[in-house]
Structure formats: C-alpha cells, structure tokens
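Each chain is listed here by its residues.
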Amino acid sequence: MAKAKRKFVCQQCGTASGRWQGQCDDCGEWNSIVEEAAETVFSARHDLQGGGRAITLVGLDSKVELPPRTSTGIAEFDRALGGGIVPGSATLIGGDPGIGKSTLLLQAAARVAARGLTVAYISGEEASDQVRLRAQRLGLGNAPVQLASATSVRDILTTLSDGVPPALLIIDSIQTMHSDLIEGAPGTVSQVRASSQELIKFAKQRGTALILVGHVTKDGSIAGPRVLEHMVDTVLAFEGERSHQYRILRAIKNRFGGTDEIGVFSMVAEGLEEVANPSALFLTNRDETVTGATVFPALEGTRPVLVEIQALVVRLSSGATPRRAVVGWDSGRLAMILAVLEARCGLSFSTCEVYLNVAGGYRLSDPAADLAVAAALMSALSERPVPADVVLFGEVALSSEIRPVSHTPLRLRESAKLGFNRAFVPASGADGVKGISVSGFRTLAQLVDQMLGRG
C-alpha cells in the first residue's frame, strides 16, 4: 500500500500544497490552511468512468414550474428575498452587531407562525428567556413560535426530525453552532462549514426554509469561510448606522430571484417598521433653495430611490493645503469629477476645501451619480443654487462627455411621482416621460455653461 501524501488546503480559496504555512500564498489569509486527508497513489489513478449510478440529463427547454413562496408578512423583507421564502431554501443574513437582525427575524417568525405554519427559532447566543423578553417588548409575546436555546447541531436535528418538520427554521447564529463530527471550537472555519452543511442538508431533504444569521468582520464581510456563501441560496446584508434611523436589507446573492434588491426599514421603539417610500428618508425639506444641493434618482435593483447630494466648497488662504472629504460616495470618483471640472470646464478647486455628503447616511455606488455630484460641486463653488424641481443623473467621462445610464424611464417616472418637474440627463437618453420635462446634455461643459449663464 502506497503511503498517503500529506495535503494542506486553504479554507478560504481552496489552494492545496504539500506543506503547512501560516499564510496562504494565493489569497493572503492567515491561519486558514488545514490538513486534509489526501488520496493515495492508487485512488488518484483509479478510473472513475465506471461503477457509478447513472444520472438523468434534461434539456434547457424542459418546463420548470416556479418555486412556491411563503410570504413573511413583511413586504420589504419579501422584496429583498425576491417575493418570499422558498421551501427547502437556505438564506444567510449578515450585519453588524445590534443592527436589528434578530429583531427582524423574530418579527418575521411571529407573522409566519400566526398564519398557522410551524416556526422554530434556535438561539445560540441568547437564552430562551432573553429572546422571550425581546418578543414581549416588540408586542409578540403571544406568537406561536417554537423557541429553544441550543448550540449542538446533532441535538437540534434530532429534535426537529421527530415529527413534522417546521416550515421555517431560524438559526441565530451559525458561528455558535457545533458539530461533534468535527474537532474544534464553535466559530472555527471547519465547524461553521460542517454545521452549515448538516443544517442545509436537513432543509433540502425536509422542505424546511432555513435562515442562518452570520457574524461580520470589521470590514463588513460575512465572517467564516467564503464557501459558506456558496452553500446557501440567498445572501442578505443588513446595513445601516446606529446613529441613523433607517436600515437597508440588501440581496447580494439570490438563486430564486434578482440581486441588488433592497428592503428599507426604520428602527423604532416597537421594532423595525417598513418604509414604503424610501425617498422620503433621504430627501430633506426643499422649500428653500440652497447652494450645493442636488437630487439624484438612484436605482437599487428595480426600486428607484431619490437621494440628496450635498456639497460644500470653502476657499482657503494662499498656501494652505485643501482637504477633500466625502461621506457616502467613492473618494476616488470625487477626485475624478473635480479633475474634469477643472480641466474641461474651467472651474478651479485647487485653493478650496471640498466636502461631499449623501444625505441620510445613504451609500452610493451607481456611476449615474456623477452628473448630480458635478452639479452640486459647481453650485457650491459659484454659490448659485440648482433649481429645487430638478433631478440629475448621468455618467461623466474623462473627456467631459455625459454617458447614458440604465433604466432612464424608471428614474424619470419616480422623480415625476415625487413632484419633480425637470430632469438633466445625457443627450442620448433625453426621451422624456409624462409629467417631467427632460433636458439632454452631451458634455459636462454644456451643463456648466447653462447653469452659470456663460455664452
């Protein structure tokens, strides 16, 4: 019998090597390499083309019915999930500590259980009495939710396998679960992977919708092995700042629906409330026109959200080093817009401090915000306000060209619905919709000339 070779595999990226080392050469992670059982020379050369069970192959044209969905009773939660929870699916939800993950799931569990479905809530971080007290504070003390405090995956699955499986199973959180098949403390890479695999296997076999709560690292990504995100069907990120009232539930992976959908909530004393009109959260009172403020119709999945972009330009004395500060947007993109305004439009910011803020703590990643940011900076520098009934969107190129963006009609319809009468957009997307007047601009210099009254 040939001696088995030792094999060390990185739990983050899957790179295999013949020796252990503290840091993976490929992904750079520390202490992520563990030893796994390696194949013998015989098994590595063994032919796998026979002796197996034949599988059924189907064509892409085969008719497939859409999976049935169960509403959570929270419309914003259902929107982020793609229409509701799917039986047999596995969902991973992550967020900062205290952001409201447990509160949201407890509210959803209570509403699902109130419709006669069996719901099991397993807490590995809090005792049952603590969860019960939170439910009473939220007014959910009489909800027929089956509650338990446990960390052993074997105990949990043994209990749930006895009788009719629950329609919804919530594990809070997966980092506290422990499988006795794997050595190691709860929260380690091997334990998180093994515990998730057993729970997901149970959910697929018994048709139970599984929701796992995951911790996040200091940079906001979900803690544990990256393979955990591949194992589940849906990954949701619960975002927001404790100092702000709103919370955003964002879908970043969904095998049963579209990604980049969001659900917006407001944190109140009674728990999380749905926000049917998110634009009301991010728009300030616009009765009085002020300089440096523009409105941008952002797009989150299929939902347009109007946000206010605020800019402040402070002129400094000669010789002082100007500062650039940005909140809610990419600082590198701000530097690019400032360079285009100086090089292509004749505006000088070299002796000015520039501050840019997206109101309400909202974070933008849409390149269509370039035009609104440029207009806000120009307004703050010239001290000429942008008309209060105008929205702006478009991507700005280094040549000063304003490039078209996606879903222009959707952005315009939402703007008209909220009372805006005019829109400044790229020239190629100047086809308007009913209720709003559209002005198209080919270059950023044309917009600057019009707003500054330059001939």
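As recorded in an unreviewed UniProt entry, the protein chain goes by DNA repair protein RadA and comes from Sphingobium scionense. Among the UniProt annotations of the protein chain, the heading Sequence similarities (unreviewed entry) holds the following wording: "Belongs to the RecA family. RadA subfamily."

Participant: With reference to specific residues and values, describe the sheet that holds strand 4 (residues 90-95).
Facilitator: Judged by pairing direction, the sheet is mixed, and its nine strands sit side by side in the order 6-5-7-8-4-9-10-11-12 without closing on themselves. Pairing within the sheet leaves two strands with one partner each, and these edge strands are strand 6 (146-149) and strand 12 (271-274). Strand-to-strand, the axes of this sheet are offset by a mean angle of 25°, without reference to chain direction. Note: strand 7 (residues 168-172) against strand 8 (residues 209-214), five bridges, orientation parallel. From the neighbouring strand, Asp172 faces strand 8, where its bridge partner is Val213. Sheet contacts for helix 6 (residues 189-206): strand 4, strand 7 and strand 8; angle to strand 8, the most-contacted strand, approximately 160°.

Participant: Explain helix 3 (residues 101-114) to me, using residue names and the numbers behind them.
Facilitator: Given a rise of 1.5 Å per residue, 14 residues ought to cover 20 Å, and the 20 Å separating the end C-alpha atoms of helix 3 matches this to within 8%. Burial within helix 3 is extensive, with twelve of its 14 residues counted as buried. Residues of helix 3 that are buried: Lys101, Ser102, Thr103, Leu104, Leu105, Leu106, Gln107, Ala108, Ala109, Ala110, Val112 and Ala113. Looking one or two residues beyond helix 3, the residue adopting positive phi is Gly116, at roughly 95°.

Participant: Run through the layout of surface pockets, naming residues and quoting values.
Facilitator: Roughly 730 Å³ of internal volume is contained in the largest pocket. If you go around the largest pocket, you meet 31 residues; those closest to its centre are Ala237, Glu239, Arg250, Ile252 and Arg363. Looking at the lining of the largest pocket, the elements with two or more residues in it are strand 4, strand 9 (234-239), strand 10 (246-254) and strand 13 (293-300). Counting residues per element, the lining of the largest pocket draws most heavily on strand 10, which supplies four residues. When grouped by side-chain class, the residues that make up the lining of the largest pocket number eleven nonpolar, nine polar and eleven charged.

The rules behind the values
Residues numbered from 1 in each chain as written. Predicted model: local features only at pLDDT ≥ 70, side-chain atom pairs only at ≥ 80, totals over all residues. Heavy atoms only, no water. UniProt positions renumbered as here; feature names shortened; annotations may be inferred. Pairing = 2+ DSSP bridges. Helix = DSSP H or I, 4+ residues; strand = E, 2+ residues; numbered from the N terminus. Axes fitted to C-alpha atoms, helices over the stretch in contact; angles between N-to-C directions. Contact = heavy atoms within 4.5 Å. Expected span 1.5 Å × (residues − 1). Buried < 20%, exposed > 50% of the residue type's maximum accessible area, 1.4 Å probe, protein only. 1 Å grid on protein atoms, 1.4 Å probe; cavity = no way out; pocket = protein on both sides within 12 Å on 5 of 7 lines; lining within 4 Å. Points joined across faces, edges and corners; volume = space filled by probe spheres on them. Nonpolar A, V, L, I, M, F, W, Y, C, P; charged D, E, K, R; others polar.

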